[in-house]
Amino acid sequence: MTARAIANNVLSHALLLVAVAFALYPVLWVVALAFSGDSVPTARAIPVPTAPTMDHLREVVSTTRPTPDGGTAWLFGRQLANSLLVSIATALVGVGVAIPVAYALARFEFVGKSGGMATLLATQMFPAVASAVPLFIMLEAMGLLNTRTGLILCYASTSVPFAIFQLRGAFETIPVDLEEAAMVDGASRFEAFVRVVLPVAKPAIAVTFLFAFMTAYNEFILAATLLSDESMFTLPVVLQRFIGEYDAQWEAFAAGALVVSVPVMALFYLLQKHMVAGLGAGGVKG
Amino acid sequence: MVNVETQGLRKSFGDTEVLKGIDLRVPEGSFAVLVGPSGCGKSTLLRLLAGLEQATEGTILFGGEDVTAYAPKDRDVAMVFQSYALYPHMTVRDNLAFGLKLRKTAADIIDARVTEAAAVLGLEPLLERFPRALSGGQRQRVAMGRAIVRRSKLFLFDEPLSNLDPALRTQVRVDIRKQHDRLGATSIYVTHDQVEAMTLADLLFVLSEGEVQQVGSPLEVYEDPANRFVAGFVGSPAMNFIDGCRVSADGAAVLVAERRLPLPPSEGREPSKLAGREVCVGVRPHDMSIVEASAHAIPFTPSILETLGPEVHAHGTFGAHEGVVAVSADLPLARGVMVHVRPTRLYLFDQATGATLR
């Protein structure tokens, strides 16, 4: 390596380090807070835990609630389950409904196609909060207030259009030739879809699923509006409870935030091999 | 092996009529080539045969059986796509086996067929690779293999060579013909390349604007084109056309660039019909030779010379008309020369309809 190349190398790595530090600094503060024994966060340049302790973490995950039979049940576990259940169901409903819709939009011409697309686009233009009150009224009328089903329905109303847009784009990039080759090879249109289109679209489906999951998992305002019973809370609502009107349990909040991040990181890790770009490359000359 | 027949086949996309009544007859076991310029409807015709498009009108018969309404999977045809359309998520082995698996063929038969096809096409070392790791030529061979393992009675080829480089194209062309001769199945091949068409076909269908212009063996079509379009499309370099020539009053000669070119004394030709008529004269570049000044030769002024090795294509003008003369490379081409046309190699076309005047 020439001196010039070495200098370039050092410089680019230095820049990368700055960028990484910039991105990770707040996260490091959260980690430091979560394990600090002090009750008040102190402003320091380098975020390291003071009087390291696992107490906050333990405190956050070991909340309990009384059960009707007089005992106690693990509250945090239930809330974690609420969050996972609602998010996975939202992603499944979103992707499940969107796959056939997106495929139809990508491949077929039919009456109302452009109007339908415009309507879908319109739903994406309004923030979910704008519909919080009508959703509240509708769920109340259906007796679904303060239920996971109600929350899933509300989340699906945004995850479905989002997933349709994502997947339509993905299906459009898959050459029609592939399906036609499968049909000439002896597949019905449906078999060609299942055995050729879906596997080729797998990375896009994985990404769409992940985004739909994360959107639901992180959502706070609707959950806080529609859920009133502590045992129905999803994790963002639980976290918010640590920051009260008169006092803020920052250490507990930080510890909670770390725990809440674990499932998303796990999901990323599991899905990353499906998200490899370029899986579709090489099928047709291009 | 089946014979393929279409009767009055029409296809419209919206208001555009792409096929205007096609009557095709491909005998079983033959290699038919559909050739024509882009937009002539040849690919649409192939897609109709495969069942990938539905006919607006007309009938498609495979071995006498009406398959017009059949889904592609029920037609038992194999097709090689221009893009190859290999399944990107499957290995070469799975690509080859896919069609057989769909038809619930026994695993040992699938294995045997895949092994055989791979041996024939030299794909054995590539069987566990994915399409993305293959070169263009290798992908093309996998696409061929996918058709071969099926043992279909009808092979359809949609411009399978157009994505290959020229050197490979010639080789694969020979391979395709070899496989056809080995398997004996009926083949229908679409191309816009008339060299491919001439070299591969037993039977040539020349298409233009959604209609079959002429059917015949490559040589028949070359020697005896039905009209000006076919004459211009088949043969390389293309036939020269000289518009606005007049047949002499006795019908024995035609006036080209103010020279009298004698017409052959043909039994079929009735001089009275042509006498005094304005026609378009067609001459193939290879049917002309450079001569000393002669009464029956026309003057030619070369402007650009394309040297191809053994021969030279001289682009230039016959009087007021542009044209090409193909001559041996060792002949010196002066600024202006006289070219002679063998009378039997003169083609006359109707100035209005373009039909060949015989």
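Residue numbering note: each chain is counted from 1, following its sequence as written. Naming scheme: in the order in which they are written, chains are lettered from A and ligands are numbered from 1. With the structure being a predicted model, the display of local features is reserved for residues of pLDDT at least 70 and the display and counting of side-chain atom pairs for 80 or more, all residues being used for whole-chain, interface and lining totals. Side-chain measures here rest on the full set of heavy atoms in the structure, leaving out hydrogens and waters.

(A) Seen up close, empty space enclosed by the protein. Residue and element names in this part refer to chain B. A 1.4 Å probe that fits but cannot get out identifies a cavity on a 1 Å grid over protein atoms alone, an open set with protein on both sides within 12 Å along at least five of seven lines counts as a pocket, and a residue lines either if it has an atom within 4 Å of a point. Grid points are joined across faces, edges and corners, and a volume is the space filled by probe spheres set on the points. One pass over the structure, following the stated rule, counts 5 cavities of 30 Å³ or more. Taken as a whole, the largest cavity encloses approximately 60 Å³ of empty space. Lining the largest cavity are Phe31, Met144, Ile148, Phe155, Phe157, Ile176, Gln179, His180, Leu183, Ala185 and Ser187. If you list the elements that add at least two residues to the lining of the largest cavity, you get helix H4 (136-149), strand E7 (154-158) and helix H5 (166-183). Residue contributions to the lining of the largest cavity peak at 4 residues, all from H5. Asp, Glu, Lys and Arg are counted as charged, while Ala, Val, Leu, Ile, Met, Phe, Trp, Tyr, Cys and Pro are counted as nonpolar; the rest, among them Gly, fall into the polar class. Partitioned by chemical class, the residues of the lining of the largest cavity number 8 nonpolar, 3 polar and no charged. Every helix listed is a DSSP run of H or I at least four residues long, and every strand listed is a run of E at least two residues long, numbered separately from the N terminus.

(B) Just unusual backbone geometry, in detail. Residue and element names in this part refer to chain B. For the bond running from Ser236 to Pro237, omega is -5°, close enough to zero to count as cis. Of note, Pro237 is situated in the loop between helix H8 (228-233) and strand E11 (240-247). Positive phi values are uncommon outside glycine, yet Tyr84 reaches one of about 75°. Residue placement: Tyr84 occurs in the loop between strand E6 (77-80) and helix H2 (92-102). Look at Glu209: it is not a glycine, yet its phi comes out positive at around 50°. Position of Glu209 relative to the elements: it lies in the loop between strand E9 (203-208) and strand E10 (211-216).

(C) Inspection of the domain arrangement of chain B at higher detail. Along its sequence, chain B is organised into domain 1 (4-225) and domain 2 (240-350). Domain ranges listed in this record stem from an automatic or a database domain assignment. The distance between the C-alpha centroids of domain 1 of chain B and domain 2 of chain B comes to 39 Å.

(D) Seen up close, the nonpolar core. Membership of the largest hydrophobic core comes to 107 residues, with the highest contact counts inside it found for A:Phe171, B:Leu156 and B:Ile188. Those residues in contact with B:Ile188 that lie beyond four places of it in its chain are B:Val4, B:Val26, B:Ala32, B:Leu34, B:Leu46, B:Leu49, B:Leu154, B:Phe155, B:Leu156 and B:Phe157. Take the buried Ala, Val, Leu, Ile, Met, Phe, Trp, Tyr and Cys residues and link them wherever side-chain atoms come within 4.5 Å; each set so joined is a nonpolar core. Only protein chains enter the calculation, and the probe is 1.4 Å; a residue is then buried if its accessible area is under 20% of its type maximum, exposed if over 50%, and partly exposed in between. Counting residues in hydrophobic clusters, the runner-up holds 44 residues, among them B:Leu127, B:Tyr189, B:Tyr222 and B:Val234. Residue contacts are defined here by distance: any two heavy atoms, one from each residue, within 4.5 Å place the two residues in contact.

(E) Summary view of the confidence of the model for chain B. Note: pLDDT gives the predictor's confidence per residue, expressed from 0 to 100. Here chain B averages 90 in pLDDT, while 97% of its residues score no lower than 70. The complex prediction reports pTM at 0.85, with the ipTM value standing at 0.87.

(F) The arrangement of a nonpolar patch on the surface in detail. Residues and elements named next belong to chain A. Taken together, Val20, Leu24, Val27 and Leu28 make up a surface patch of nonpolar side chains, about 310 Å² in accessible area. With respect to the helices and strands, Leu24 occurs in helix H1 (residues 3-34). The exposure class assigned to Leu24 is partly exposed, which follows from its relative accessible area of 42%. For patches, a residue must show more than 30% relative accessible area and have no salt bridge; joins then use 9 Å for like charges and 5 Å for nonpolar side chains, namely Val, Leu, Ile, Met, Phe, Trp and Tyr. Each accessible area is a Shrake-Rupley result for a 1.4 Å probe, and residues are judged covered by the shown protein chains and nothing else. Salt bridge, as applied in this entry: a Lys or Arg side-chain nitrogen positioned within 4 Å of an Asp or Glu carboxyl oxygen.

(G) Spatial organisation of the packing of aromatic side chains. The criterion for an aromatic pair is that two Phe, Tyr or Trp rings (for Trp, the six-membered ring) have centres within 6.5 Å, with stacked assigned to planes under 30 degrees apart, edge-to-face to planes over 60 apart and tilted to the rest. Considering all chains together, one arrives at 17 aromatic pairs over all chains under this definition. Three or more aromatic residues link up through ring pairs in this structure, and these residues are A:Tyr103, A:Phe108, A:Phe171 and A:Phe193. Lysine and arginine charges are scored as sitting over a ring when NZ or CZ, respectively, is within 6 Å of the ring centre and within 35 degrees of the ring normal. Between B:Arg284 and the ring centre of B:Tyr222, over which it is positioned, the NZ or CZ distance is 4.0 Å.

(H) Seen up close, the pairing of strand E13 (residues 259-262) of chain B. Two strands are said to pair when DSSP picks up at least two bridges between them. As paired elements, strand E12 (residues 253-256) of chain B and E13(B) share 4 bridges and run antiparallel to each other. Considered in E13(B), the bridge of B:Leu255 is made with B:Arg260.

(I) Focus on the interface of chain B and chain A. Tallying the contact residues gives 27 residues for chain B and 24 residues for chain A. Roughly 2,300 Å² of surface becomes buried between chain B and chain A when both sides are summed, with 61% attributable to carbon and sulfur atoms. Looking at the side of chain B facing chain A, the largest losses of area belong to B:Pro88, B:His89 and B:Leu102, adding up to 24% of the total buried there. Our count for the chain B to chain A interface comes out at 3 salt bridges. Polar contact is the term for a pair of N or O atoms within 3.5 Å; when the atoms are in protein, one must be able to donate a hydrogen and the other to accept it, and sequence-neighboring residues count only if both atoms are side-chain atoms. Run the count over chain B and chain A and you get 11 residue pairs in polar contact (both at pLDDT 80 or more). Going through the elements one at a time, helix H1 (42-50), E6, H2 and H4 of chain B are the ones with two or more residues in the side of chain B that touches chain A. When two parts are put together, the accessible area they lose, computed with a 1.4 Å probe and summed over both, is reported as buried area.

(J) Summary view of the sheet that holds strand E8 (residues 186-191) of chain B. All names here are of chain B. A sheet is described by the order of its strands in space; here 6 strands give the open sequence E6-E7-E8-E3-E9-E10, paired in mixed fashion. Edge positions in the sheet fall to E6 and E10, since each has one partner strand and no second. Ignoring strand direction, the axes of neighbouring strands in this sheet form an average angle of 20°. In this sheet, E8 lies alongside strand E3 (residues 31-35) in parallel orientation, the contact comprising 5 bridges. Paired with Val33 across the bridge in E8 is Tyr189. Fitted lines through C-alpha atoms serve as axes, helices being fitted only where they are in contact, and the angles separating the N-to-C directions of these axes extend from 0 to 180 degrees. In the packing of H4 onto the sheet, the strands contacted are E6 and E7, and the crossing angle to E6 comes to about 175°.

(K) Summary view of the confidence of the model for chain A. Residue and element names in this part refer to chain A. Here chain A averages 87 in pLDDT, and 93% of its residues register 70 or above. When the elements of chain A are averaged for pLDDT, strand E1 (residues 64-66) gives the smallest value, 83, and helix H7 (residues 176-184) the largest, 95. Scored below 50 in pLDDT, residues 278-282 makes 12 contacts in the model with residues more than four places away or belonging to other chains.

(L) Representation of the environment of B:Gly122. Within the secondary structure layout, B:Gly122 lies in the loop between helix H3 (107-121) and H4. The sequence separation of B:Gly122 and B:Ala226 amounts to 104 residues, and the corresponding C-alpha distance is 42 Å.

(M) Representation of the packing of helix H9 (residues 202-218) of chain A against helix H12 (residues 250-271) of chain A within the structure. All names here are of chain A. At a closest axis distance of 11 Å, the pairing of H9 and H12 adopts a crossing angle of 175°. When the axes of H9 and H12 are compared, the pair comes out roughly antiparallel. Residues Ala206, Phe209, Leu210, Phe213, Met214 and Tyr217 of H9 pack against Val260, Pro263, Val264, Leu267, Phe268 and Leu271 of H12. Split by residue class, the contact of H9 with H12 holds 12 nonpolar, no polar and no charged. Should an angle fall under 35 degrees it is taken as roughly parallel, and over 145 as roughly antiparallel, whereas 65 to 115 is taken as roughly perpendicular and any remaining angle as oblique.

(N) Spatial organisation of the sheet that holds strand E18 (residues 321-328) of chain B. Residues and elements named next belong to chain B. Taken together, 5 strands build an open sheet; the order of strands is E15-E19-E16-E17-E18 and the sheet is antiparallel. Each edge of the sheet is formed by a strand with only one pairing partner; in this case those strands are strand E15 (288-291) and E18. Neighbouring strand axes in the sheet, compared pairwise and without regard to direction, differ in orientation by 50° on average. Pairing of strand E16 (residues 297-307) with strand E17 (residues 311-318) involves 6 bridges; the strand directions are antiparallel. When the bridges of E17 are listed, Glu306 appears paired with His313.

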